[in-house]
Amino acid sequence: MAKTIDQHFDDLRGTRVWRSIFRSGTGSSTLKRALAIQQNVFLHLFSTKVRTRMLSFSATWYLGTLTLGTFLILVATGIPLMFYYHPSVPQAYADTKDLQFVVSSGLFLRNLHRWSAHAMVFLVFAHMFKVFYRGAYRTPREFNWVIGVILLLMTLLLSYTGYLLPWDQLAYWAITVGSNIASAVPVIGEKIHFLLLGGNAVNANALLRFYVLHCMILPLAAMFFVAIHFWRIRKDGGLYSHDSEPATLRAQAQSGAAANVAGAKEGQ
Amino acid sequence: MADETKKTGEINNDVNRRQFFAKLGLGSLGIAAAGTAAFAYQYLDPNVLYEPSPVVNAGKPDRYPLGSVTIDVNSGIYIIHSDEGYFSLSAVCTHLGCMTAWKPELNIIACPCHGSKFNEEGKKIEGPAPKPLPWKRIWLNDDGDLLVDRSTDVPALAQDSFVRV
């Protein structure tokens, strides 16, 4: 009798090569499924088991996951854009035009990068509003809220540094205005302005600095904080912590009140 | 000896060999970290800038008729020929650094970014700009060209702030 496709996959998972990469092995027992999560370098940040209710749309509206999705799109489209873009004054604008009109699929990649960037800023704010109005920032998740604020800052800085790279009039004056806002910081403002631009005006040094910040430093920093952010979800009791559910809180409040009444009676 | 000091209740401030080396190691790492921070700061602070010279040659004075306000967008200055003589204003808005423009139909200098308005002497009329447009040092060189030093502010309407030909 011929084997089914599932059986072929099971055979593949049983091979020595597969087992050397994924140690958890075949089988769909609870243990094997937990091991498949726990022994994967990417998935081990997450809980090995989650309640189905936690994965329902109404719990989170998937806003955090969608934000990660836009970030991954931005990485996947940003790297190919780097193959045609030179961060230099004579070439930057011409390269942007080339990407728009000459390079095959350049228009698609650039627009996807741009729209995903807009979407990511929107989704980060929507995610934070959702977390705020559901009270999901409360104990034990205070620290993850702080990480979230850092990630908001990273998102805005990535947007800001990417805005200069087309090197058109809009970019030039936006960065002139934005960097002058930075010089309003007391005492060290002028120094921050100078270090950010690598000079006194938006020029070749500023373009190069913003390019390095946009393509290297800020994405790496964002990935670092995203990893902590996801790991903390598990450490803080999952997306839908039993301790902070309204029903649990009500029950705790009632039992606390009952205990107080009992204590008062004993006191008599 | 150690037992005696314990008995008398004196505080023993001595460090043993292990603690000494731990402190030495951490101290060295701290100094190295401070040095790295200073090194990084110095590296990121450019020592040479390839920016245009602050001194601009604005050409012969007869290019600017009496009563005219002329902008040079490349250098960001106005050359103004008034009854008192020639003077120069910065064209960079004092709010957030946008390039202003002369509006001859309204006789004002206006900023396109956030709507600040100045008169032809740089005085603020309205808008978010906190300060008037600064006057810049202007003089004639030996060839009879007007030169403007963008890095030097001079007092508005002062005798020395004008060039008379």
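See the structure printed just above.
In every chain, residue numbers begin from 1 and rise along the written sequence. All chains are assigned letters beginning at A, and all ligands numbers beginning at 1, according to the order in which they are written. Residue-level local features of this predicted model are given only where pLDDT is at least 70; pairs of side-chain atoms are given and counted only at 80 or more, and the full residue set underlies all totals for whole chains, interfaces and linings.

## Re the interface of chain B and chain A
Here the contact rule is simple: place C-beta atoms from the backbone, and any two residues whose C-beta atoms are within 7 Å are in contact. With nine residues of chain B at the contact, the number on the chain A side is twelve residues. Within the side of chain B that touches chain A, the residues separate by chemical class into six nonpolar, one polar and two charged. Any residue outside Ala, Val, Leu, Ile, Met, Phe, Trp, Tyr, Cys, Pro, Asp, Glu, Lys and Arg is labelled polar, Gly included; the first ten of those are nonpolar and the last four are charged.

## Structural notes on the sheet that holds strand E7 (residues 117-118) of chain B
Residue and element names in this part refer to chain B. As summarised here, the arrangement of the four strands in space is E5-E6-E7-E8, forming an open sheet in which the pairing is antiparallel. Each edge of the open sheet is held by one strand with a lone partner, namely strand E5 (101-103) and strand E8 (124-126). Pairing analysis gives three bridges linking E5 to strand E6 (residues 108-110), with the strands arranged antiparallel. Looking across to E6, one finds that Ala101 is bridged to Ala110. Two strands form a pair only when DSSP identifies at least two bridges running between them. Each helix is a run of H or I in the DSSP string that is no shorter than four residues. Each strand is a run of E no shorter than two, and both are numbered from the N terminus.

## Here we look at the nonpolar core
Counting 23 residues, the largest nonpolar core has Ile77, Ile79, Leu89 and Leu146 of chain B as its most contacted members. Elements represented by at least two residues in this core include exactly strand E1 (55-59), strand E3 (77-82), strand E4 (85-90), strand E9 (135-140) and strand E10 (146-154) of chain B. Looking at this core element by element, the count peaks at four residues for E3 of chain B. With sequence-adjacent residues up to four places away left out, Ile77 of chain B is seen in contact with Val56, Asp72, Ser88, Leu89, Ser90, Ala91, Lys136, Val148 and Arg150 of chain B. Each nonpolar core reported here comprises buried Ala, Val, Leu, Ile, Met, Phe, Trp, Tyr and Cys residues connected via C-beta atoms within 7 Å. The burial criterion counts other C-beta atoms lying within 10 Å of a residue's C-beta, which is placed from the backbone; the residue is buried at 20 or more, exposed at 12 or fewer, and partly exposed between these limits. The next biggest cluster of nonpolar side chains, apart from the first, holds 14 residues, and it includes Leu164, Leu197, Val202 and Ala206 of chain A.

## Overview of helix H8 (residues 142-164) of chain A
Residue and element names in this part refer to chain A. To estimate the expected span of a helix, subtract one from its residue number and multiply by 1.5 Å. With 23 residues, H8 should cover 33 Å at 1.5 Å per step; its first-to-last C-alpha distance of 34 Å lies within 8% of that length. Within the sequence span of H8, burial applies to Gly148, Leu151, Met154, Thr155, Leu158, Thr161, Gly162 and Leu164. Contacts from the buried residues of H8 go to helix H7 (106-133), helix H9 (169-182) and helix H11 (204-235).

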